[in-house]
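Structural overview
Here's the letter readout for the chains.
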Amino acid sequence: EDGNPISEDEEETPAGEVPTEWTSNKASFTDYILGGCEINMCVAIDFTGSNGDPRQPGTLHHFNSDGSKNDYEKAVAAICGVLAQYDSDKKFPVYGFGAKYDGEVNHCFQCGEEEEADGVEGILEAYKHTFETGLIMSSPTVVTTVLEKAAEAAVQSQAAAASQGKQKYTTLVILTDGAVSDVQATAECLAAISFAPLSVVIIGIGSADFGSMQFLDDSTPSGIDIAQFVDFNAHQHDWKSLTSATLDEIPKQLVNYFWSRGIKPNHPDQVEEEDIVVEPEEEEIDLTIDFGEDGGDIVVPEGDVYIPRGAY
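Report follows, based on the coordinates. Along every chain, residues carry numbers that run from 1 in the direction the sequence is written. Side-chain atom pairs in this predicted model are given and counted only at pLDDT of 80 or more, local residue features only at pLDDT of at least 70, and totals for whole chains, interfaces and linings cover all residues. Only hydrogens and water are set aside when side-chain values are computed; all heavy atoms of the structure are taken into account.

1. Let's talk about the overall build of the protein
Selection rule: We count a stretch as a helix when DSSP gives it H or I for four or more residues in a row; a strand needs E for two or more, and each element gets its number in order from the N terminus. Throughout, exposure labels follow a simple rule: accessible area from a 1.4 Å probe, protein chains only, divided by the maximum for the residue type, with under 20% read as buried, over 50% as exposed, and the rest as partly exposed. By definition in these notes, contact holds between two residues if any of their heavy atoms fall within 4.5 Å. Each accessible area value is a Shrake-Rupley result obtained with a 1.4 Å probe; residue values ignore everything except the protein chains displayed when judging cover.
Secondary structure assignment for the protein yields nine helices and 12 strands. Counting every position in the protein, which comprises 312 residues, the buried fraction comes to 50%. Counted over contacts in the protein with a minimum sequence separation of 6, partners at least 24 positions apart contribute 79%. For the protein, the computed accessible surface area is about 14,400 Å², with 47% contributed by carbon and sulfur atoms.

2. Considerations on the packing of aromatic side chains
What counts here: Here the aromatic set is Phe, Tyr and Trp, taking the six-membered ring for Trp, and pairing holds for ring centres within 6.5 Å; pairs whose planes are under 30 degrees apart are stacked, those over 60 apart are edge-to-face, and all others are tilted.
What the rule picks out here adds up to 13 aromatic pairs. Where Phe 47 meets Tyr 127, the ring centres are 6.2 Å apart and the plane angle is 40°; that geometry is what we call tilted. Placement of Phe 47 in the loop between strand E1 (38–46) and helix H2 (71–83) and of Tyr 127 in helix H3 (residues 119–129) is noted, with a sequence separation of 80 residues between them. Given a relative accessible area of 2%, Tyr 127 falls into the buried group. Aromatic pair Tyr 127 and Phe 131: ring centres 5.8 Å apart, planes at 75°, arrangement edge-to-face.

3. Observations concerning the pattern of salt bridges
Side chains that carry opposite charge are capable of pairing whenever their charged atoms lie near each other. As a reminder, the rule being used: Within this document, salt bridges are pairs made up of a side-chain nitrogen of Lys or Arg and a carboxyl oxygen of Asp or Glu, the two lying within 4 Å of each other.
Enumeration according to the criterion identifies five salt bridges in this entry. As a salt-bridge pair, Arg 55 and Asp 53 come within 3.0 Å of each other at their nearest N and O atoms. Judged by relative accessible area, which is 34%, Arg 55 ranks as partly exposed. Put simply, Asp 71 and Lys 74 hold a salt bridge, and the shortest N to O gap is 3.9 Å. Of this pair, Asp 71 and Lys 74 both sit in helix H2, three residues apart, which is roughly one turn of the helix.

4. Some remarks on the sheet that holds strand E5 (residues 104–106)
We count it as follows: At least two bridges found by DSSP between two strands is the condition for calling them paired.
The strand order E5-E4-E8-E12 describes an open sheet built from four strands, whose pairing is antiparallel. Each edge of the open sheet is held by one strand with a lone partner, namely E5 and strand E12 (298–299).

5. Topic: the nonpolar core
Keep this limit in mind: Throughout this description, the term nonpolar core refers to a set of buried Ala, Val, Leu, Ile, Met, Phe, Trp, Tyr and Cys residues connected via side-chain atoms within 4.5 Å.
Met 41, Ile 45, Phe 47, Ile 123, Leu 175, Ile 203 and Ile 205 are the most contacted members of the largest nonpolar core, which totals 39 residues. Counting residues per element, the ones that place at least two in this core are E1, H2, H3, strand E9 (168–176), strand E10 (198–204) and helix H8 (239–246). Here this core takes seven residues from H2, the largest share from any one element. Leave out the neighbours within four places in its chain, and Ile 123 touches Met 41, Val 43, Val 76, Cys 80, Phe 92, Val 94 and Ala 117. Counting 29 residues, the second-largest nonpolar core is a separate cluster that includes Ala 150, Ala 154, Val 183 and Ala 187.

6. Observations concerning helix H4 (residues 144–162)
To keep it simple, the criterion reads: The span you would expect from a helix comes to 1.5 Å times its residue count less one. Each direction from the helix axis to a C-beta atom contributes to the arc, which is the arc of those directions.
Helix length check: H4 (19 residues) gives 27 Å between terminal C-alpha atoms against 27 Å at 1.5 Å per residue, within 8%. Burial in H4 covers these residues: Thr 144, Val 146, Leu 147, Ala 150, Ala 151, Ala 154, Ser 157, Gln 158 and Ala 161. Across the axial projection of H4, the buried residues extend over an arc of 150°, all falling on one side.

7. Thoughts on the packing of H2 against H3
Basically, it comes down to this: Axis definition: a line fitted to C-alpha atoms, over the contacting stretch in the case of helices. Angles run 0 to 180 degrees between N-to-C directions. Roughly parallel means an angle under 35 degrees; roughly antiparallel, over 145; roughly perpendicular, 65 to 115; everything else is oblique. Put simply, a crossing is left-handed when the front helix is turned counterclockwise from the back one by less than a right angle, and right-handed when it is turned clockwise. Think of it as three bins: nonpolar holds Ala, Val, Leu, Ile, Met, Phe, Trp, Tyr, Cys and Pro, charged holds Asp, Glu, Lys and Arg, and polar takes everything else, Gly as well.
Close contact between H2 and H3 brings their axes to 10 Å; oriented N to C, the two are set at 155°. In terms of their interaxial angle, H2 and H3 are classed as roughly antiparallel. H3 is crossed by H2, and the crossing has right-handed handedness. Along its contact with H2, which presents Tyr 72, Glu 73, Val 76, Ala 77, Cys 80 and Gly 81, the element H3 presents Val 120, Ile 123, Leu 124 and Tyr 127. Each residue belonging to the contact of H2 with H3 can be placed in one class, and the counts come to eight nonpolar, one polar and one charged.

8. Observations concerning the environment of Ser 244
Relative to the helices and strands, Ser 244 resides in helix H8. With 165 residues separating them along the chain, Ser 244 and Ile 79 place their C-alpha atoms 9.6 Å apart.

9. Some details on the side chain of Ser 138
Along the chain, Ser 138 falls in the loop between strand E8 (136–137) and H4. Each residue touching Ser 138, except ones within four places of it in the same chain, is listed here: Phe 47, Thr 48, Gly 49, Gly 98, Ala 99, Lys 100, Val 105 and Asp 297.

10. A short note on the environment of Ile 123
As for its placement among the helices and strands, Ile 123 is situated in helix H3. Look at Ile 123 and you get buried, because its relative accessible area is 0%. Note: C-alpha distance between Ile 123 and Cys 42 (81 residues apart in sequence) is 9.5 Å.

In structure tokens:
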């Protein structure tokens, strides 16, 4: 049956090798989507101190009193808003990295009160809620823990889907204001998780030098490319350009993952049509934060921040 790794009359093909008889008629991304393949999404947000004091206008995590979005919010709304349409339940894990809790830098922590945010609005609410948790915005910028967690979840999600004759792929969207602290370790981590049904989209927020992040996009030591870097500043004034740049490699990566494992698309007649949810607009946000002097860390005291619960 289509959607299962192999049918009864096919021999299993090693990962990375395409069955000879398939090469002349390779399936497309559209074939998989029409066949019901869902794209789960998880989001990771950079809370390191290099983002600046959120009280100050012009810093990357500042919430504008006129209701306009900061760059993190714009990126979430534009990019996650597109990817969310491929997910049937619109439930998304949101992680943070680069902040201290109880004196220890945490490289992967839950944002928001729930394990999964409800829609794009929920992602933005989880992002705002993080500033109410008593975090200290610190350093270094490490994304390997987030990468490993996303890969593990992607493998488990596809295994559960396959047991029901379905297909699931995962996209991890990482939003960061600068280069990772250890590029080589990050490249090695990407290679180590390249077996997973996962694409990694790294969104560069701000005006830092992202040269080393582009290296992660171009570097494929395992021979399997799962990462894509997008400079938000280069595309933020053109929504179509931003979306195109972000999704440029995901279709190919998804097809390569399933096809190389002998997993054909399901038949379109097995899929039920889903409604597309359009998220409402956001309301004004106010933020009051104390700036500490702990080696450049930014201290955000718990209970000292008022953030209205606006709709997006």
